Amino acid sequence: MGISSKQLQTELQKMFVSRVSFRKLERKLYGHDIAAMPGLVKPFIGNTIPDAVVQPESETELIELVKWAAKNGVALTPRGSSSSGYGGVIPVRGGVVVDFYRMRAIKNVNKAEQTVTVEPGIVWEKLDNELMKQGLTLRLYPSSYPSATVGGWLAQGGAGIGSYEAGWFRDNVLSARAVMPDGSVREFSGDDLDLVSSAEGITGLISEVTLLIKPLEDLDVVAIGCPDAYDLQRMAEDMIERKLPIWSLVFINPRMAELKNKAPLLEHFEFPVEERVLLPASYIMTIAFRKKDRDAVMAGLDEVMKPCQAELLSERIAEHEWKNRFKIMIVKRLGPSLVPAEVVIPLTRLGDVMAEIENKVDQPVVKEGVVIREGASGEPEVVILGFIPSDQRRFSYNFVFGLSLTIMKIAEKHGGRAYSPGLYFASKAKNILGADTVNRIKDFKNKVDPKGILNPGKVLGGGIVGGFMAIAQSIEPVIRPLGNRISTRIGERPTKPVRGIPADVAWYAYGCSQCGYCVQECDQFYGRGWESQSPRGKWYWLREYMEGREEWDQFMVDTILVCTTCELCNLRCSASLPIEPSWMKLRGKLINEDKKMTFPPFEMMAASLTKEGDIWAAYRKNRSDWFPKELWEKHGPSHKAKIAYFAGCTASHVETDIPIAAVRLLDAAGVDFTYAGQNENCCGTPMLVAGKWDVFVETMKKNIAAIKEIGADTVVTSCPACDMMWRQIYPRWAERLGIDFGITGRHYSEVITEQIKAGKFKFPDTGRKTKVTLHDSCHIGRVSDVYDAPRGFIEAIPGVELVEMEHNREWAHCCGSVLTLIKEPPVAADIGKSRMDEAMATGAEKILALCPCCQFQFRVTAEKKGLPIETIDLARFGAETMGYELPDPNPEVQKQWAVFEAMIALMTPEGFADLMGTMWPELIDAMPFGMGKMMRLMGKIPGALNLMKPMFPILFPRLLPMMMPKVMPVMLERVGERIPMPDYMREQMPELMPKVMDNLMPHMIGDVVPLVTDPIISYLRD
Ligand SMILES: Cc1cc2nc3c(=O)[nH]c(=O)nc-3n(C[C@H](O)[C@H](O)[C@H](O)COP(=O)(O)OP(=O)(O)OC[C@H]3O[C@@H](n4cnc5c(N)ncnc54)[C@H](O)[C@@H]3O)c2cc1C
Ligand code: SF4
Ligand code: SF4
């Protein structure tokens, strides 16, 4: 590299501003792929941490980047979603990883020609979703459809679902544009596509792809089971011979079926929430075809199956296998690692290859196969994705890894080849891609990239790693017995915490396949765009931590805390990992047990909650001010009823239209209910997610006692977070703590809908027509499965049309509220905007929301981003239909947000340093042991304070606790000047602020001191 690291940083920073990362953690996360590299191979590869990661947004930026890299001799490693496992994305010579995440636009859909032109970073699933809106769909896709990118598949080369009919992906590409190292852009089509397809980015950075697509048609699926691989081969051959109009043919082997039967099911609060579909221990073919071809296919299959020991499996199995076609990595949960072995063979040798693998490999090899009617040679081919369950934490993993070479040798013996050269099999490139193609790629590469800056070490040559793998394959017969002898201890879980990580979480970290399905759907990720913020990145980091290569710092603590707890990742995960519950466990470990710092505003909330029962620093005595006077006697605390309405603190103090509307509706619907009034407290959700579990437990106890005191056994809420507490969290915590609970949690929308169904309540017809959309809140949707009730509520209002957002019900995206809003308000507005854009795309006039926090977030986002759509509370919407007038929550929301935003800005090292800068005289005077006087004196002696400078980080943390009480009055005055507090909050600050400072300063002072050192010296000098 002909450039210093400082210069590299300065210049990349200038080019990419916030779309470049030099953070070590981020660089590490962009330095690997899905495969766990065996320890014995690592030394041959060396350091794989790049110098930087950049995220270009356009072809123009790519051009600028490659010119810069060529001039400075900096290696560029392109990266799609890193769902491949051949080392293609591993930056073996440092330099810069080029992440294509931000180049994901669809540029043109040509319906007449049935083509689509896209930027390379678009994920297959997202592209298909957009195409389907226009009655089109993909001809084929990889089974990593939820994460892999179009550019990644073209550069990697491959076949997948739909390949039976469509062949290899390359044959479905019309053209591709790529940026050359001299900054020119070249369009490849026809035979020239060989120069970029399967070239893994060594010949150019793909900036655009035009691919063939097809009309969207209904599909049908059948599954066939047969115990024998020769029969499987015969049937596939016969299907081709008979020209059955099949679109996709994939199969699994009996081992895979066996392990799938044992794989964990999707869980919710530790209970399985899906039914197990048991698969027979046979080869299972899943065949997809157009519905209109059903008769032809079924008649043909009947004939095909006759001479074989095959049977048509149940529809349930067929549907299950099809629905779970992207979840092949689920078996990794049993491993916890998988050694990959992927080969391409002629269909005519399928039986022989399978038999020989069985014969030579004693470890359980799980396989998935893709049949291609017309392969690269024009003859039918089969891609076999093989995996051997193993354990990367053990040395024996190296030997099991060696067995992948056995499988490759077997494939080669039968006229097959490895799937892809990548990094490891670069020495086999001629066998994989064909000698002619490799020679053309080589010539082209020599011409356009003489310095070898584009993805060095891949496809051509092979370098040390390729050499090592070539030697390893030549001694394969020696390695094989070692690999075969290992007793694979599948499923050996840790029983104790690993470096403090709870045993189950430690196990999940290894169970993560790094497939990336969770990444782009995670709002923590898409609000920021960096791997460290995704579940995949966090699992990888945890492995690194457990293996002693990483330590906790505030950045990683914050990374765990800032997850919005939306739980979408749990549903996306290909390994059905309980992801969000794992982060929840870590919150308690980090904050409650290890006493690390939570988000500073939570300390203010905790102080307010402990004092007054709410997080808004409002007085308890005002908690029930919102309650309609005329209903007080009928439903207030002195009324005894089995149902209690629980308002929660945001609704009680900020968005008061919500509880007013809810109790109006409950009353009008004839529900007999009571209310705990001022005995009610915050539900505790903020403290649970803050990791301040001791405050949470105290709050929970008070709430349970309050409800018991009024004699209720059912709590009806209007806030999803409160609902989650009463329905899901309190019962579990109460049981753990031996507290008698016996309370049921419900949402008012369920109660009202029930009354409507029972004919006890009806909305009047106002004659108004309106179109609305509904935002499903995570804490009542994914957490408690309440989707139908709010819809039933809306549909019961005459004249109202409900239009669904693209992501709705269990796939609804998070609003991006509380945790993001508290930690990074600008990110929260970005996340909120993406949800509100989706709402606006429906053409609805209003977003109906049923959560005070989602509404708060949408209102703040709309204000910040200037979005012209109104957010209305669902209960308010219903109550207004009934003619009730309700207060406008917007002014209070904006007022409270101004306080919050200023508070968030203050509670940072920069904020505190700035605040201290306004009170040097008071701070110096408050120093104990006459130190203030001494400092003033030293300020007059030239150079003396500079000599003292190194002492500041030691002195300040010790002195500050003694100074705090003395400077508190002036500090409160200055805080009051900065934060536009309402009177009730200002009055309480003398009590709240010292508690907040006591909790925060020990953590923050280390970051504050460097910021105040020079200013304090300047003050003392002047
Ligand atoms: C669960 C699972 C199922 C899978 N199923 C299949 C399957 O059915 N068929 C199949 O073929 N593979 C499959 N794979 C492997 C992998 O998903 C595919 O190879 C996929 O296409 C890689 O896409 P990606 O975006 O993740 O690319 P990456 O893994 O990020 O990159 C792949 C290669 O392309 C290069 N590259 C990426 N983007 C560019 C660009 N814009 N310009 C130039 N070079 C670039 C990279 O440097 C690398 O060499 C599967 C993987 C998993 C985890
Ligand atoms: S719960 Fe939501 S924000 Fe948190 S990691 Fe999962 S997807 Fe991301
Ligand atoms: S957490 Fe699940 S979805 Fe995400 S990378 Fe890991 S296995 Fe894949």
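Everything numeric here is computed off the predicted structure, so don't read it as measured data.

A. Main features of the overall build of the protein. Across its full length, the protein holds 43 helices and 28 strands. A compact globule built from 1022 residues should have a C-alpha radius of gyration of about 31 Å, and the protein, at 31 Å, falls within 12% of that. Considered along the principal axes of its C-alpha atoms, the protein spans approximately 85 × 85 × 55 Å. Going through the 1022 residues of the protein one by one, you find that 64% of them count as buried. Pairs at least 24 apart in sequence give 78% of the contacts found in the protein among residues at least 6 apart. Working note: accessible area of the protein is about 37,700 Å², and carbon and sulfur atoms make up 52% of it.

B. Structural view of the nonpolar core. Residues Trp124, Met239, Met285, Ile287 and Tyr424 are the most contacted members of the largest nonpolar core, which totals 140 residues. Among the elements that take part in this core, helix 13 (residues 397-413) stands out by supplying nine residues, more than any other. Ignoring any residue separated from it by four or fewer positions in sequence, one finds Ile287 in contact with Asp220, Val221, Val222, Ile224, Met239, Ile246, Ser248, Leu249 and Leu301. Counting 97 residues, the second-largest nonpolar core is a separate cluster that includes Leu29, Trp552, Met605 and Phe741.

C. Broad picture of the site of ligand 3. Around ligand 3 lies a shell of 13 residues, among which Cys512, Cys515, Gly516, Cys518 and Cys573 are the nearest. Its residues assigned to classes, the shell around ligand 3 comprises eight nonpolar, four polar and one charged.

D. Quick peek at the side chain of Thr1013. Mapped onto the elements of the fold, Thr1013 is located in helix 43 (residues 983-1021). With a relative accessible area of 7%, Thr1013 lands in the buried category. Once you skip the residues sitting within four places of it in the chain, Thr1013 turns out to touch Lys949 and Phe952.

E. Layout of the pattern of salt bridges. Taken as a whole and assessed by the stated rule, the structure comprises 67 salt bridges. Linking Arg417 and Glu381 is a salt bridge whose minimum nitrogen-to-oxygen distance equals 3.1 Å. Taken together, the positions of Arg417 in strand 20 (residues 417-418) and Glu381 in strand 19 (residues 381-390) put the pair 36 residues apart, joining distant regions of the chain. The class for Glu381 is buried, based on a relative accessible area of 4%. One connected set of salt bridges, linked through shared partners, spans Arg170, Asp171, Arg186, Asp192, Asp194 and Arg440.

F. Summary view of the sheet that holds strand 23 (residues 714-717). Overall, parallel pairing links the four strands, which are arranged 22-21-23-24 in an open sheet. Across the chains shown, the open sheet's two edge strands, defined by having one partner strand only, are strand 22 (673-675) and strand 24 (744-747). Across this sheet, the average inter-strand angle for adjacent strands is 35°, counted without regard to direction. The pairing of strand 21 (residues 643-646) with strand 22 spans three bridges and is parallel. The residue of strand 22 that forms the bridge with Ala644 is Thr674. Of the strands in this sheet, strand 21, strand 23 and strand 24 touch helix 30 (residues 720-737), which is tilted by about 150° from strand 24.

G. Region of the structure containing the site of ligand 2. Near ligand 2, the surroundings consist of 13 residues, among which Cys522, Cys563, Cys566, Glu567 and Cys569 are the closest. Residues belonging to the shell around ligand 2 are distributed by class as follows: six nonpolar, three polar and four charged.

H. Main features of the environment of Arg102. By the secondary structure assignment, Arg102 is in the loop between strand 4 (96-99) and strand 5 (106-110). As a C-alpha pair, Arg102 and Arg480 span 378 residues in sequence and 44 Å in three-dimensional space. With residues up to four places along the chain from it excluded, the contact list for Arg102 reads Arg19, Gln55, Pro56, Glu57, Glu119, Arg528 and Gly529. A distance of 2.7 Å separates a polar atom in the side chain of Arg102 from a polar atom in the side chain of Gln55.

I. Region of the structure containing the sheet that holds strand 3 (residues 76-79). A sheet is described by the order of its strands in space; here four strands give the open sequence 1-2-4-3, paired in mixed fashion. Bordering the open sheet on either side are strand 1 (20-21) and strand 3, each of which pairs with just one other strand. By the bridge criterion, four bridges tie strand 3 to strand 4 in an arrangement that is parallel. Bridged to Leu76 within strand 4 is Val96.

J. Focus on the side chain of Asn570. Counting through the fold element by element, Asn570 comes out in helix 22 (residues 568-572). The exposure class assigned to Asn570 is buried, which follows from its relative accessible area of 7%. Engagement of the side chain of Asn570 in a polar contact is seen with the backbone nitrogen of Ile579, the distance being 3.0 Å. When sequence neighbours within four positions are dropped, the list of residues in contact with Asn570 reads Leu266, Leu577, Pro578, Ile579, Glu580 and Pro581.

Basis of the calculations
- Residue numbers restart at each chain and count upward from 1, following the sequence in its written direction.
- By the order in which they are written, chains take letters starting at A while ligands take numbers starting at 1.
- Where local features are concerned, this predicted model is filtered to residues with pLDDT of at least 70; where side-chain atom pairs are given and counted, the filter is 80 or more; whole-chain, interface and lining totals use all residues.
- Calculated side-chain values reflect all of the structure's heavy atoms, with hydrogen atoms and water omitted.
- Here a strand is any run of E in DSSP of at least two residues, a helix any run of H or I of at least four, and the numbering for each starts at the N terminus.
- Using C-alpha atoms as the atom set, the radius of gyration is obtained and then compared with a globule rule of 2.2 Å times the number of residues to the power 0.38.
- Burial classification: accessible surface area is computed with a 1.4 Å probe over protein chains only, and a residue below 20% of its type maximum counts as buried, one above 50% as exposed, and the rest as partly exposed.
- The contact rule is simple, with two residues in contact once any of their heavy atoms fall within 4.5 Å.
- All accessible-area figures derive from a Shrake-Rupley calculation using a 1.4 Å probe, and residue coverage is judged against the displayed protein chains alone.
- What we call a nonpolar core is a set of buried Ala, Val, Leu, Ile, Met, Phe, Trp, Tyr and Cys residues that are connected through their side-chain atoms within 4.5 Å.
- Neighbouring residues are identified by heavy atoms, a residue being near a molecule or strand if any of them is within 4 Å of it.
- When residue character is reported, Ala, Val, Leu, Ile, Met, Phe, Trp, Tyr, Cys and Pro are called nonpolar, Asp, Glu, Lys and Arg charged, and the others, Gly included, polar.
- Here, a salt bridge means any side-chain nitrogen of Lys or Arg that lies within 4 Å of a carboxyl oxygen of Asp or Glu.
- When DSSP finds two or more bridges between two strands, those strands count as paired.
- Helix axes are fitted to C-alpha atoms over the stretch in contact, other axes to C-alpha atoms as well, and angles between N-to-C directions run from 0 to 180 degrees.
- Within 3.5 Å is the distance limit for a polar contact, defined as a pair of N or O atoms, with the added protein rule that one can donate a hydrogen and the other accept it, and that residues adjacent in sequence qualify only through two side-chain atoms.

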